[in-house]
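Here's the letter readout for the chains.
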Amino acid sequence: MGTERFTSEEDDVQTLYNDLADEHLQPLWELTGLLTHEPAVSTQPFRWSGRTLKKLAARSGELIPIDRGGDRRVLACANPGLQGAPFATSTMWAAVQFLNPSEGAPPHRHTPAALRFVLEGEGAWTLVDGDPLHMATGDLVLTPSMTFHEHHNPGAQPMMWMDVLDLPMVAALDAVFFEEGPTEQVDTRTDPLSSSEQHWGGGPGLSPVRHLGKNAAAPHSPLLAYRWADTDRALSRLLDSDSSASETTLRFTNPFSGGDVMPTMRCQMQRVLAGNQSAPRRQTGSQVCAVLHGNGVIHVGNTSFPVESGDIVVIPSWHTWQIRADAELDLFSVSDAPVLESLGLYRETAE
Ligand code: 1HN
């Protein structure tokens with residue numbers, strides 16, 4: 001396809017523009033919208049209802065076998081601002097994945113990093129490089145870049161969870177690689193405690209000396225599962241420590257480095273007590289949020305979404321957002337903030 005042919009009323013300038021277009025060149029002086037005073041954001045504020053996601057995922061579970069298309073039964077959240085792309089934000093994929101009892105999704109690995117967050121249910125396992133990680137409500141499970149991963153559900157109930165990947169960002173960088181696993185067979189092991197947690201989940205601030213040196217080069221957390229019981233206890237203690245506080249936020253961190261769990265995605269959990277509003281905030285970079293518990297309203301830019309547990313909400317870059325909790329609200333969020341921070345592009349304002 002040719003590049004845009006600019007027009008001029010002066011004949012010799014028009015001739016120049018024709019010659020430029022033939023050479024795939026564009027005159028900057030005719031271009032507008034390249035440098036905006038503030039980010040020109042295509043990603044739109046949006047909410048996917050948890051009830052609807054659950055119903056449509058269950059219908060997919062009845063109709064669609066798991067081996068059709070990518071070996072995963074996944075409904076991608078497609079942001080209406082992104083021209084039909086199956087992306088929740090310009091940098092992040094978000095989706096729900098559904099597994100029937102006794103189903104398995106075979107191993108593969110890819111450069112885009114992924115995480116799973118469970119909004120409801122339990123009884124499925126994700127194996128990360130062969131390590132079986134149980135999944136239950138409120139748990140965060142990591143599948144860092146290029147780790148083999150597979151899922152299976154030995155339970156009696158179907159299971160659904162949210163997937164978030166940095167796929168659009170890795171695709172924009174032309175760095176997507178994908179490989180099938182060494183076997184077609186799903187590994188159906190179900191250890192009660194993963195090896196990752198045996199080594200790194202022993203207790204607050206306790207790191208195994210034997211493994212400390214080994215993780216130095218890894219860009220992601222060696223702890224691959226963050227359990228709801230721990231997150232819940234930490235949130236409660238933070239709020240108990242300050243009787244005037246009406247909200248608090250925890251960041252999921254790499255116990256080895258203290259940094260984010262993965263180099264491209266930041267994970268946090270915010271609790272807003274019933275009858276309160278969080279402070280309004282805005283920052284560069286986009287967020288995918290999921291309501292774990294409670295209900296209320298999330299204001300994003302000029303839009304207000306009534307939310308309840310199970311809902312997924314997108315907060316685009318540089319949009320002011322605020323939470324109103326009608327019932328105590330726990331909001332899990334994933335953002336691309338580590339990337340913006342490491343590139344010197346992170347900005348934040350408290351309104
Ligand atoms: C993927 O590997 C999974 O392994 C889920 O569960 C969703 C979306 C895009 C690309 C890879 C999974 C995915 C995905």
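Residues numbered from 1 in each chain as written. Predicted model: local features only at pLDDT ≥ 70, side-chain atom pairs only at ≥ 80, totals over all residues. Heavy atoms only, no water.

To continue, consider the pattern of salt bridges. Inspection of the entire model under this criterion finds 18 salt bridges. Across the pair Glu-308 and Arg-51 runs a salt bridge, and its minimum N-O distance is 2.5 Å. In this pair, Glu-308 is assigned in strand β18 (residues 303-308) and Arg-51 in helix α2 (residues 50-63), connecting sequence segments 257 residues apart. Among the ionic pairs, Asp-232 bridges to Arg-271, the shortest N-O distance being 2.6 Å. With a gap of 39 residues between them, Asp-232 in helix α6 (residues 228-240) and Arg-271 in strand β14 (residues 266-272) connect regions that are remote in the sequence. Residue classification places Arg-271 among the buried residues on the basis of a relative accessible area of 4%. (Salt bridge = Lys/Arg side-chain N within 4 Å of Asp/Glu carboxyl O. Helix = DSSP H or I, 4+ residues; strand = E, 2+ residues; numbered from the N terminus. Buried < 20%, exposed > 50% of the residue type's maximum accessible area, 1.4 Å probe, protein only.)

Here we take up the confidence of the model for the protein chain. In regions of low pLDDT, the predicted coordinates are not meant to be interpreted in detail. Per-chain confidence: the protein chain averages 95 in pLDDT, with 98% of residues scoring 70 or above. Ranking the elements of the protein chain by mean pLDDT puts helix α5 (residues 209-212) last, at 82, and strand β19 (residues 312-315) first, at 99. (pLDDT = per-residue confidence, 0-100.)

Here we come to the site of the ligand. Taken together, Arg-72, Trp-93, Gln-97, His-108, His-110, Arg-116, His-149, His-151, Asp-163, Leu-165 and Leu-167 make up all the residues around the ligand. Residue Arg-72 places a side-chain N or O atom 2.7 Å away from an oxygen atom belonging to the ligand. One nitrogen or oxygen atom from the side chain of Gln-97 is found 2.8 Å from an oxygen atom belonging to the ligand. Protein burial of the ligand: of its 330 Å² of free accessible surface, 85% is covered by the chains. Going through the elements one at a time, β3 (93-99), β4 (104-110), β9 (149-152) and β10 (159-165) are the ones with two or more residues in the shell around the ligand. When its residues are assigned to classes, the shell around the ligand shows three nonpolar, five polar and three charged. (Near = heavy atom within 4 Å. Polar contact = N/O pair within 3.5 Å; in protein donor to acceptor, adjacent residues only side chain to side chain. Areas by Shrake-Rupley, 256 points an atom, 1.4 Å probe, with all protein chains shown as cover. Nonpolar A, V, L, I, M, F, W, Y, C, P; charged D, E, K, R; others polar.)

Counted by the stated rule, this structure contains seven aromatic pairs. Pairing Trp-200 with Phe-256 gives two aromatic rings, centres 6.1 Å apart and planes at 80 degrees, and the pair type is edge-to-face. Residue Trp-200 is located in helix α4 (residues 195-200), and its partner Phe-256 is located in the loop between β13 (247-251) and β14; the two are separated by 56 residues in the primary sequence. Given the relative accessible area of 8%, Trp-200 is considered buried. Ring plane angle 85 degrees and centroid distance 5.6 Å describe the contact between Tyr-226 and Phe-252, whose orientation is recorded as edge-to-face. Of the two residues, Tyr-226 is situated in strand β12 (residues 225-226) and Phe-252 in the loop between β13 and β14; the sequence distance between them amounts to 26 residues. (Phe/Tyr/Trp six-rings, centres within 6.5 Å; stacked < 30°, edge-to-face > 60°.)

This brings us to the layout of surface pockets. One number sums up the size of the largest pocket: a volume of about 720 Å³. Along the wall of the largest pocket there are 25 residues; nearest its centre are Gly-203, Pro-204, Leu-223, Tyr-226 and Asp-230. Its residues assigned to classes, the lining of the largest pocket shows 11 nonpolar, eight polar and six charged. (1 Å grid on protein atoms, 1.4 Å probe; cavity = no way out; pocket = protein on both sides within 12 Å on 5 of 7 lines; lining within 4 Å. Points joined across faces, edges and corners; volume = space filled by probe spheres on them.)

So, about the sheet that holds strand β6 (residues 122-128). Reading across the sheet, the five strands line up as β7-β6-β9-β4-β11 and stay open at both edges, with antiparallel pairing between neighbours. What marks the edges here is a single partner per strand, and that holds for β7 (131-136) and β11 (178-180). Each strand of the sheet is rotated relative to its neighbour by a mean of 25 degrees, with strand direction disregarded. Where β4 and β9 come together, three bridges link them in antiparallel fashion. When the bridges of β9 are listed, Ala-105 appears paired with His-151. (Pairing = 2+ DSSP bridges. Axes fitted to C-alpha atoms, helices over the stretch in contact; angles between N-to-C directions.)

Within strand β20 (residues 321-335), 11 of the 15 residues are buried, which leaves it mostly tucked inside the rest of the structure. Note: β14 against β20, seven bridges, orientation antiparallel. Counterpart to Arg-266 in the pairing with β20 is Ser-335. In terms of strand pairing, strand β15 (residues 276-277) meets β20 through two bridges, oriented antiparallel.

Another point: a negative patch on the surface. Taken together, the side chains of Glu-9, Glu-10, Asp-11 and Asp-12 define an acidic patch exposed on the protein surface. With respect to the secondary-structure elements, Glu-10 resides in the segment before α1 (11-22). (Patch = residues over 30% accessible without salt bridge, like charges linked within 9 Å, V, L, I, M, F, W, Y side chains within 5 Å. Lys, Arg positive; Asp, Glu negative; His and termini not counted. Charge placed at Lys NZ, Arg CZ, Asp CG, Glu CD.)

Moving on, we get to the side chain of Asp-311. Within the element layout of this structure, Asp-311 appears in the loop between β18 and β19. Buried and unpaired, Asp-311 has no salt bridge, with Arg-47 as the nearest side chain of opposite charge at 4.5 Å. Here Glu-308 takes part through its backbone nitrogen, which lies 3.1 Å from a polar atom of the side chain of Asp-311.

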